[in-house]
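# Results of the structural survey
Residue-level listing of the chains:
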Amino acid sequence: MNLLSVQSVLSAIGSVALAILILLAMITVHEFGHYIAGKILKFKINEFAIGFGPKLFKRKSKKTGELFSVRLLPLGGFCAFEGEDGVNGEESANAFTKKAPWKRIIVLVAGPLMNYLLALLLIIVSMFAFGQPVYKVGSVAQVEPPEQAIYSEYSLEEGDLLLKVNGKRIYLITDMMSALKDKVTGDKISVTVSRGGEERVQEVILRADCNFESSEEVSKVWHALGLGTVVKDDGVKYWDVSAESYRFGFFETLGNSFMYSFKIAGTIFKVLGELLTGHIGLSSMGGPVTTIKLTSQLAVQSAQSFFEIAAYIGVNLAVFNLLPIPALDGSKVIFCLIEWIFRKPVPRKIEAVIHSVGFVLILAFAVIVDILQFAKC
């Protein structure tokens, strides 16, 4: 193995390690949210663990009896409350199930909330430090006469930075799809661009129909806007568009940071909806292995990419954990609400079984979608 190969292997290992570190940090922050809320509301906590599996390090507090541990497998962590499973440890007055339902709901929601707040902080830091990512037009497709004269006036130009479509701020590609949805060839739209350092509104005549059926149909956006294509080193033809940072004023940047986080959350719901309705397949999803792979590729590109992928994972964890799926925080909140409303809990053993089955199904789903991702490669 030559020096170049060794460097390549070390670089790959380093990028994967960085991806795992990002995931571990986000999961630890999530569990820390549960921990802090639990401490404030005086829940009895048995253990706070970083990672899963055999313990590499452990320390027990003589004052509280809480165990802090670092475990072998870095893809997880937990904050174990006394009596959380509803079966063991319920005799304690400060056990999880002995606390009022509203207190349990606060503890459960605190984890996803911490994920979101950290993600929002990363977005704010990134946007102030580097600017907001926007789409940059690399080239525009040529049109033959007689339409050439029309499209030359109502067309984007090379180097345009896309800021708004029909007055709607662009944060993600899904925002463009929403603004263009159901438009047809020949329709005229307005695109706010930064051209030569100045913002202006450019009217554009669409060159293709925008009948989007799923968020995967990105090509229809660029075709409709008349972008050109370019052949890369791998011999594949790509749309000639790239990402570039654009700086807004202080208050606009702050507002955009919040909106960007909301847009990421909205995209997650959109993709889940398309999955349930069959507009996208399971092969479009990714499990832990796929997440680590993509994160390792993006996180090492630049500091801005690092902040962006970390924030994206944070918002994903926040939204996903609030879904009413057994074993997740959202499902546990539902059980607390049932107890709060009807003044009687679902039998604890039944709830424990439901969450256990849900956990197994989530693991199975993660494995399946990873296998499907590798099958596509």
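Residues numbered from 1 in each chain as written. Predicted model: local features only at pLDDT ≥ 70, side-chain atom pairs only at ≥ 80, totals over all residues. Heavy atoms only, no water.

### What to know about the environment of Gly-197
Relative to the helices and strands, Gly-197 resides in the loop between strand S6 (188-195) and strand S7 (198-205). Separated by 37 residues in the primary sequence, Gly-197 and Asp-160 place their C-alpha atoms 9.5 Å from one another. (Helix = DSSP H or I, 4+ residues; strand = E, 2+ residues; numbered from the N terminus.)

### Here we look at the layout of surface pockets
Vacant regions in the atomic arrangement are exposed by a probe of water-molecule size rolled over the atoms. Of the voids in this model, the second largest pocket is the one considered here, and its volume is about 160 Å³. Here the residues of the lining of the second largest pocket are counted per class, giving two nonpolar, five polar and four charged. (1 Å grid on protein atoms, 1.4 Å probe; cavity = no way out; pocket = protein on both sides within 12 Å on 5 of 7 lines; lining within 4 Å. Points joined across faces, edges and corners; volume = space filled by probe spheres on them. Nonpolar A, V, L, I, M, F, W, Y, C, P; charged D, E, K, R; others polar.)

### Digging into the nonpolar core
Leu-156, Leu-162, Met-176, Leu-180, Val-221 and Leu-225 are the most contacted members of the largest nonpolar core, which totals 24 residues. Among the elements of the structure, strand S4 (161-165), helix H4 (173-180), S6 and helix H5 (218-225) are those that each provide at least two residues to this core. The leading source of residues in this core is H4, at five residues. Leaving out residues up to four positions away in the same chain, Leu-180 has contacts with Val-165, Ile-189, Leu-206, Cys-210, Phe-212, Val-221 and Leu-225. (Core = buried A, V, L, I, M, F, W, Y, C linked by side-chain atoms within 4.5 Å. Buried < 20%, exposed > 50% of the residue type's maximum accessible area, 1.4 Å probe, protein only. Contact = heavy atoms within 4.5 Å.)

### Side note on the side chain of Asn-256
With respect to the helices, strands and loops of the structure, Asn-256 is situated in helix H6 (residues 250-277). Overall, the relative accessible area of 5% leaves Asn-256 in the buried class.

### Focus: the packing of H4 against H5
Across the interface, H4 lies against H5 with an axial gap of 10 Å and an inter-helix angle of 60 degrees. Crossing hand, H4 versus H5: left-handed. Together, Ile-173, Met-176, Met-177 and Leu-180 of H4 and Val-218, Val-221, Trp-222 and Leu-225 of H5 make up the contact between the two elements. (Axes fitted to C-alpha atoms, helices over the stretch in contact; angles between N-to-C directions. Left-handed = near helix turned anticlockwise from the far one by under 90°.)

### A closer look at H5
For H5, the set of buried residues is Val-221, Trp-222, Ala-224 and Leu-225. All buried residues of H5 fall inside an arc of 160 degrees around its axis, so they share one side. Once H5 ends, the next one or two residues include Gly-226, with phi positive near 80 degrees. (Arc of directions from axis to C-beta.)

### With respect to the packing of aromatic side chains
Counted by the stated rule, this structure contains 15 aromatic pairs. Centre to centre, the rings of Phe-32 and Tyr-35 are 6.2 Å apart; their planes meet at 20 degrees, and the pair counts as stacked. Of the two residues, Phe-32 and Tyr-35 both sit in helix H1 (residues 3-40), three residues apart, roughly one turn of that helix. Since its relative accessible area comes to 37%, Phe-32 is described here as partly exposed. Owing to a relative accessible area of 18%, Tyr-35 belongs among the buried residues under this scheme. Ring plane angle 45 degrees and centroid distance 6.2 Å describe the contact between Phe-130 and Phe-307, whose orientation is recorded as tilted. Of this pair, Phe-130 sits in helix H2 (residues 101-130) while Phe-307 sits in helix H8 (residues 303-321), and the two are 177 residues apart along the sequence. (Phe/Tyr/Trp six-rings, centres within 6.5 Å; stacked < 30°, edge-to-face > 60°.)

### As for the pattern of salt bridges
Taken as a whole, this structure holds 12 salt bridges when the rule is applied. Its salt-bridge partner being Arg-71, residue Glu-47 comes within 2.8 Å of it at the nearest N-O pair. One end of the pair, Glu-47, is in strand S1 (residues 45-60); the other, Arg-71, is in strand S2 (residues 67-81), with 24 residues separating them in the sequence. Given the relative accessible area of 14%, Arg-71 is considered buried. (Salt bridge = Lys/Arg side-chain N within 4 Å of Asp/Glu carboxyl O.)

### Digging into a nonpolar patch on the surface
Together, Trp-102, Ile-106, Ile-334, Leu-337, Trp-340, Ile-341 and Phe-342 make up an exposed nonpolar region whose accessible area comes to about 710 Å². Sorting the residues of the nonpolar patch by element identifies H2 and helix H9 (329-342) as the ones contributing at least two each. When residues in the nonpolar patch are grouped by element, the largest group, five residues, is from H9. Among the structural elements, Phe-342 can be located in helix H9. (Patch = residues over 30% accessible without salt bridge, like charges linked within 9 Å, V, L, I, M, F, W, Y side chains within 5 Å. Areas by Shrake-Rupley, 256 points an atom, 1.4 Å probe, with all protein chains shown as cover.)

### A few points about the confidence of the model for the protein
In regions of low pLDDT, the predicted coordinates are not meant to be interpreted in detail. When pLDDT is averaged along the protein, the result is 86; 87% of the residues meet or exceed 70. Summarising per-element confidence for the protein, the mean pLDDT is lowest in helix H7 (residues 288-299) (68) and highest in H2 (96). (pLDDT = per-residue confidence, 0-100.)

### As for empty space enclosed by the protein
Inspection of every chain in the model, using the stated rule, returns one cavity of 30 Å³ or more. If you trace the largest cavity, you find 13 residues lining it, with Ile-123, Ser-126, Met-127, Tyr-260 and Glu-308 closest to the centre. Of all the elements in the fold, those that place two or more residues in the lining of the largest cavity are H2, H6 and H8. Examining the composition of the lining of the largest cavity, we find that five residues originate from one element, H8, more than from any other. By residue class, the composition of the lining of the largest cavity is nine nonpolar, three polar and one charged.

### Remarks on unusual backbone geometry
Positive phi is not limited to glycine here, since Asn-166 has a value of about 50 degrees. Along the chain, Asn-166 falls in the loop between S4 and strand S5 (168-169). Asn-166 gets classed as partly exposed once you look at its relative accessible area, which sits at 31%. The residue Ala-327 is not glycine, and still its phi comes out positive at about 90 degrees.

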